[in-house]
Amino acid sequence: MNSIEIYFSEDDELVELNVIESECRADVIVKIGNSYYNPFIITPTRLSINFKHMMKKFGFYECRPCLVLVTDLKKETIINAILKLHENDYFSQIKPIDFEKYCSHLILEFDKWTKVY
């Protein structure tokens, strides 16, 4: 199995508190071998809120690729979920992101992201 690296755009106490409060985290990059993935980490509560809003506004809900439900947004919970998904070969079933295109939209350059695992 290929080695795995996990990155957050920022990793400090204030960011984690904001992420926990918002109940979702999109600034996660997983690198496996030469492939990159951008899981959207979200709690069931936040997913339900998003679902209801989209249904009311548009009449449908479009599920993001690589959506991962977790019980909470603590750093350890996110890392453990990603490692378990990797162990279960989840990422081999997901299309990797176009890393160069993804990076072209970043506010904070990827080389300044924090490797958390």
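Everything below is about the structure printed above this text.
Let me sum up the structure you'll find in this document. For clarity, every value in this text was computed on a predicted model and none was experimentally measured.

**Regarding the pairing of strand S3 (residues 28–32)**
A regular strand places its side chains so that they alternate between the two faces of the sheet. With respect to burial, S3 is a largely interior element, 4 of its 5 residues being buried. Taken together, the 5 bridges between strand S1 (residues 4–8) and S3 define a ladder with antiparallel strand orientation. Note that in S3 the partner of Tyr 7 across the bridge is Ile 29. In the sheet, S3 pairs with strand S4 (residues 35–37) via 3 bridges, with the strands oriented antiparallel. Counted as the bridge partner of Ile 32 is Ser 35 from S4. The hairpin turn running from S3 into S4, its antiparallel successor, is 2 residues long, and Gly 33 in that turn takes a positive phi close to 60°.

**Overview of the sheet that holds S1**
Through backbone hydrogen bonds, the strands of a sheet pair up, either in parallel or in antiparallel fashion. Pairing in this open sheet of 4 strands is antiparallel, and the strands run S4-S3-S1-S7 from one edge to the other. Sheet topology places S4 and strand S7 (114–115) at the edges, where each strand pairs with a single neighbour. Here helix H3 (residues 75–87) sits on the sheet in contact with S1 and S3, set at roughly 150° to S1.

**Some points on the pairing of S1**
Among the 5 residues of S1, 4 are classified as buried, and the element is accordingly described as predominantly covered. As paired strands, S1 and S7 are joined by 2 bridges and run antiparallel to one another. Across the sheet, the residue bridging to Phe 8 is Thr 114, located in S7.

**Observations concerning the packing of aromatic side chains**
Each aromatic ring pair is characterised by the separation of its centres together with the angle its planes make. Tallying each qualifying case throughout the model produces 9 aromatic pairs. With a centroid separation of 6.2 Å and 45° between ring planes, the pair formed by Phe 58 and Phe 60 is classed as tilted. Judged by relative accessible area, Phe 58 falls into the partly exposed class, the value being 47%. Classification of Phe 60 as partly exposed rests on a relative accessible area of 44%. Ring plane angle 90° and centroid distance 5.0 Å describe the contact between Phe 99 and Phe 110, whose orientation is recorded as edge-to-face.

**Observations concerning the environment of Asn 50**
Within the secondary structure, Asn 50 sits in helix H2 (residues 44–58). Spatially, the C-alpha atom of Asn 50 lies 32 Å from that of Asn 34, the residues being 16 residues apart in sequence. The contacts of Asn 50, once residues within four sequence positions are left out, are Ile 42 and Tyr 61.

**A short note on the sheet that holds strand S6 (residues 67–69)**
The sheet built from 3 strands is open, its strands ordered S2-S5-S6 with mixed pairing. Among the strands making up the open sheet, the edge pair consists of strand S2 (24–25) and S6. Alignment of strand S5 (residues 40–42) against S6, held across 3 bridges, turns out to be parallel. What sits directly across from Phe 40, in S6, is Leu 67. Where H2 meets the sheet, it contacts S2, S5 and S6, and its direction lies at approximately 105° from that of S5.

**Some words on the pattern of salt bridges**
The full count for this structure, using the stated rule, is 5 salt bridges. Between Lys 75 and Asp 11 there is a salt bridge, with the nearest N and O atoms lying 3.0 Å from each other. Taken together, the residues span a long stretch of sequence, with Lys 75 in helix H3 and Asp 11 in the loop between S1 and helix H1 (13–22) at a distance of 64 residues. Classification of Lys 75 as partly exposed rests on a relative accessible area of 23%.

Conventions we followed
Residues numbered from 1 in each chain as written. Predicted model: local features only at pLDDT ≥ 70, side-chain atom pairs only at ≥ 80, totals over all residues. Heavy atoms only, no water. Buried < 20%, exposed > 50% of the residue type's maximum accessible area, 1.4 Å probe, protein only. Helix = DSSP H or I, 4+ residues; strand = E, 2+ residues; numbered from the N terminus. Pairing = 2+ DSSP bridges. Contact = heavy atoms within 4.5 Å. Axes fitted to C-alpha atoms, helices over the stretch in contact; angles between N-to-C directions. Phe/Tyr/Trp six-rings, centres within 6.5 Å; stacked < 30°, edge-to-face > 60°. Salt bridge = Lys/Arg side-chain N within 4 Å of Asp/Glu carboxyl O.

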